[in-house]
Amino acid sequence: MRAWRIDWQSIAEKNRAFAPELLEQNIRRLRLAAPWIPPLNLMHIWLFWQRQPESANEALWRQGILAAHTGMLVFFGTLALFAWYLVPRPELIRLRQISVSVAVLGTLGFAALISAIDQLVTSNITPLLVGCTLAALAFLHRPLSALWLFSLTLGLFLFGIQQTQSSPAQLLSNQVNGLSSCTIGLLLAWLQWRNFVQINTQKQRMQAQAQLLEEQNHKLSYLAEHDPLSGLLNRRAFNGIVEHELLRFQRTQQPLCLLLLDLDHFKTVNDRFGHPLGDVVIKRVATLLSSQVRSLDSLARLGGEEFMLLLVDCDREHGLQIAEHLRQLVETHLKVVDGNAVALTVSIGMSYLEAGQSGTYDSLYVASDRALYSAKQDGRNRVKVATPI
């Protein structure tokens with residue numbers, strides 16, 4: 001029995017989830033379909049106006065058909081104007097809902113009315129079948145709404161033909177045919193809704209997968225350009241930035257400085273306190289250095305305990321001030337890390353390019369490395385400068 005149970009909560013959730021898209025599609029379909037109905041009504045009015053009735057019943061039938069199609073012409077002409085006004089105005093939600101509901105009720109109501117009027121001269125109920133099919137295919141209906149709409153249409157049709165069909169046999173036949181027409185409309189509406197839900201569910205899944213893929217690509221892109229431990233740029237990404245800034249230097253001649261930083265006796269920290277604390281030290285240094293550089297500068301971890309900093313629009317004197325400031329910060333803030341006396345310091349080698357000079361990335365790097373080696377040789381915890389050759 002549980003397998004046959006209808007999950008009403010799931011249906012209600014889907015109704016709420018897809019309500020905006022359903023309303024948007026229905027209002028666009030209304031704008032597309034409504035302008036076609038008045039020309040058809042005019043054609044019917046012209047054809048029936050030309051025919052002269054041959055009996056009282058036929059005169060009453062002709063009069064009823066003319067009145068019905070005139071009403072439809074005005075009704076759908078007005079709806080067409082409303083739909084044209086509402087399509088670019090998604091904020092008018094309530095008015096949109098009312099317009100679609102009126103359009104569907106009008107379509108089914110006119111179909112039932114014309115079929116009932118036809119019973120004065122014929123047993124034909126084609127307008128009801130056409131109206132039910134059109135309402136089911138032209139608009140999207142939630143299951144319970146469709147059941148209510150087509151049940152109401154059937155009730156209106158049955159009431160109408162009882163007033164106009166005098167033959168008991170024809171009345172019974174048309175009652176059965178009317179039930180079949182409304183059932184066909186209901187089934188078509190349910191199939192439309194099922195396809196609509198499946199398509200939009202698949203669309204949501206694809207959007208979710210696309211978003212996930214975009215996030216994963218962003219993460220991969222980040223990992224491809226950043227050091228996983230410190231979060232700083234890696235060497236490959238940093239090299240690209242330096243090459244770009246050197247091209248800019250050739251055009252603008254604005255000075256730049258390249259700093260190579262190496263933590264002093266870092267191997268001792270790993271040997272005494274373990275690699276986990278060494279990782280904490282690397283992260284602390286990265287955070288400390290990042291907090292001091294400008295947004296236009298670039299900071300990278302080359303690997304191990306080595307860092308590199310590119311200072312753009314920065315001359316030799318300013319570069320030296322920044323390097324000395326960073327050296328003092330490391331010495332001051334990394335005496336103790338997580339309760340361990342690491343007393344860490346940093347040696348810095350700097351090279352620079354100013355207006356009138358020429359140099360490449362390799363020459364800058366070699367000069368900074370040479371200056372760093374000099375700082376190490378002179379006792380560490382100091383800043384040295386070298387000019388690119």
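Here goes a summary of the coordinates provided. Here the structure is a predicted model, which is why all the values come from computation and not from measurement.

## A word on the pairing of strand β3 (residues 306-312)
Next up, step 1: Among the seven residues of β3, six are classified as buried, and the element is accordingly described as predominantly covered.
Next up, step 2: For strand β1 (residues 256-263) and β3, the ladder comprises seven bridges, and the chain directions are antiparallel. Its bridge partner lying in β3, L259 is registered against L309.
Next up, step 3: Relative to β3, strand β2 (residues 298-303) runs antiparallel, the two being bridged by five bridges. Bridge assignment links S298 to a residue of β3, and that residue is L310.
Next up, step 4: Between β2 and β3, which pair antiparallel and follow one another directly, the connecting turn spans two residues, one of which, G304, has a positive phi of 60°.

## With respect to the environment of Y352
Next up, step 1: Mapped onto the secondary structure, Y352 falls in strand β6 (residues 346-353).
Next up, step 2: Residues Y352 and L310 lie 42 residues apart in sequence; the distance between their C-alpha atoms is 9.7 Å.
Next up, step 3: Those residues in contact with Y352 that lie beyond four places of it in its chain are L256, C257, R316, Q357, L364, V385, A386, T387 and P388.
Next up, step 4: Looking at Y352, its side chain comes within polar contact range of the side chain of T387, at 3.3 Å.

## Concerning empty space enclosed by the protein
Gaps left between atoms are located by rolling a probe of water-molecule size over the structure's atoms.
Next up, step 1: The full count for this structure, using the stated rule, is one cavity of 30 Å³ or more.
Next up, step 2: The computed volume of the largest cavity comes to approximately 40 Å³.
Next up, step 3: Along its surface, the largest cavity is lined by E245, R248, F249, T252, Q254, P255, L256, V312 and D313.
Next up, step 4: Broken down by element, the residue count for the lining of the largest cavity peaks at four residues, all from helix α8 (residues 235-252).
Next up, step 5: Its residues assigned to classes, the lining of the largest cavity shows four nonpolar, two polar and three charged.

## Considerations on the side chain of Q165
Next up, step 1: With respect to the helices, strands and loops of the structure, Q165 is situated in the loop between α6 (143-164) and α7 (168-225).
Next up, step 2: Here Q165 falls in the buried class, since its relative accessible area comes to 10%.
Next up, step 3: At a separation of 2.9 Å, a polar atom in the side chain of Q165 contacts the side chain of Q119.
Next up, step 4: Residues in contact with Q165, not counting those within four places in the same chain, are Q119, T122, S123, Q170, L171 and N174.

Rules behind the numbers
- Residues numbered from 1 in each chain as written.
- Predicted model: local features only at pLDDT ≥ 70, side-chain atom pairs only at ≥ 80, totals over all residues.
- Heavy atoms only, no water.
- Buried < 20%, exposed > 50% of the residue type's maximum accessible area, 1.4 Å probe, protein only.
- Helix = DSSP H or I, 4+ residues; strand = E, 2+ residues; numbered from the N terminus.
- Pairing = 2+ DSSP bridges.
- Contact = heavy atoms within 4.5 Å.
- Polar contact = N/O pair within 3.5 Å; in protein donor to acceptor, adjacent residues only side chain to side chain.
- 1 Å grid on protein atoms, 1.4 Å probe; cavity = no way out; pocket = protein on both sides within 12 Å on 5 of 7 lines; lining within 4 Å.
- Points joined across faces, edges and corners; volume = space filled by probe spheres on them.
- Nonpolar A, V, L, I, M, F, W, Y, C, P; charged D, E, K, R; others polar.

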